[in-house]
Amino acid sequence: MNDDNTANVKLSVFYEATQEDIDFLWAGMIDFNKTTGPMMNYPPYEPFRIIMKDADNRIVAGILTKVYLKCMFVDLLYLDPQYRKCGLGTRLLKEAEAHARQLGCTFIHLDTFSFQAIDFYKRQGYEVFGVIDDYPDEIKRYFLKKTLIS
């Protein structure tokens, strides 16, 4: 269907999505990527997740990533406030980096806000490659990467 024909098509618009809807969209994008461009030559998108729980089975930390095109993207790294500054963040990040290396990833990238963990990531060897300066309240969004294979 081209743009000239879309005016005659009746579509419903929804502003909420189920997990099934989200999975469908991701699968469609991944299928498209596999059949076009360089994605055909690489392993498929792969989520990699680590969750840490305490003795009461309560989640205290976790990292959510995805691997594609020989790189890993960190979607989220979370630590319960009482477990911060005790090495868990470093441990999660190092495990993710080790997994990325095993898969042949050449780099890992992520983003963080100025009020979050910019200094932590820099201490872990991540370098800023981009900044958005104009978020409200003088907030900055940093984009960082770390080379895994030299």
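These numbers come from a predicted model, not from an experiment. Residue numbers restart at each chain and count upward from 1, following the sequence in its written direction. Restriction of local features to residues with pLDDT of at least 70 applies here, the model being predicted, together with a cutoff of 80 or more for giving and counting side-chain atom pairs; totals for whole chains, interfaces and linings are based on all residues. Excluded from the side-chain calculation are hydrogens and water; included are all heavy atoms of the structure.

Caption draft 1: Representation of the pattern of salt bridges. One side-chain nitrogen of Lys or Arg within 4 Å of one carboxyl oxygen of Asp or Glu is enough to make a salt bridge. Counted by the stated rule, this structure contains 8 salt bridges. Among the salt bridges present, the one from Lys 94 reaches Glu 97, with a minimum N-O distance of 3.8 Å. Linking Lys 94 with Glu 97, this pair stays in helix α3 (residues 88–102), spanning 3 residues, or about one helical turn. Given a relative accessible area of 37%, Lys 94 falls into the partly exposed group. Given a relative accessible area of 1%, Glu 97 falls into the buried group. Secondary structure counts use DSSP, requiring at least four H or I residues in a row for a helix and at least two E residues in a row for a strand, with both numbered from the N terminus. A simple rule labels every residue: compare its accessible area, found with a 1.4 Å probe on the protein chains alone, to the largest value its type can have, and call it buried under 20%, exposed over 50%, or partly exposed in between.

Caption draft 2: Up close: a nonpolar patch on the surface. Residues enter patches when they are more than 30% accessible in relative terms and free of salt bridges; like-charged ones are connected within 9 Å and nonpolar ones (Val, Leu, Ile, Met, Phe, Trp, Tyr) within 5 Å. In this description, accessible areas are obtained by the Shrake-Rupley approach with a 1.4 Å probe, and a residue is regarded as covered only by the protein chains that are shown. Residues Ile 22, Trp 26, Met 29 and Phe 32 make up a contiguous nonpolar surface patch of roughly 390 Å² in combined accessible area. Assignment of secondary structure puts Trp 26 in helix α2 (residues 19–35). With relative accessibility at 40%, the residue Trp 26 sits in the partly exposed group.

Caption draft 3: How the structure looks around the pairing of strand β1 (residues 46–53). Two strands pair under a simple rule: DSSP has to find at least two bridges between them. Bridging between β1 and strand β2 (residues 59–68) involves 8 bridges; their strand directions are antiparallel. Counted as the bridge partner of Pro 47 is Lys 66 from β2. Linking two consecutive strands that pair antiparallel, namely β1 and β2, is a turn of 5 residues; a positive phi of about 65° is found at Asn 57 within it.

Caption draft 4: Spotlight on unusual backbone geometry. Positive phi outside glycine occurs at Lys 85, with the angle close to 65°. With respect to the element layout, Lys 85 can be found in the loop between β3 (71–79) and α3. Residue classification places Lys 85 among the exposed positions, given a relative accessible area of 84%.

Caption draft 5: Examining the pairing of β2 more closely. Across the 10 residues that make up β2, a large majority, 7, are buried. Both β2 and β3 contribute to a ladder of 8 bridges, which runs antiparallel. Each bridged residue has a counterpart across the sheet, and for Gly 62 the counterpart in β3 is Tyr 78.

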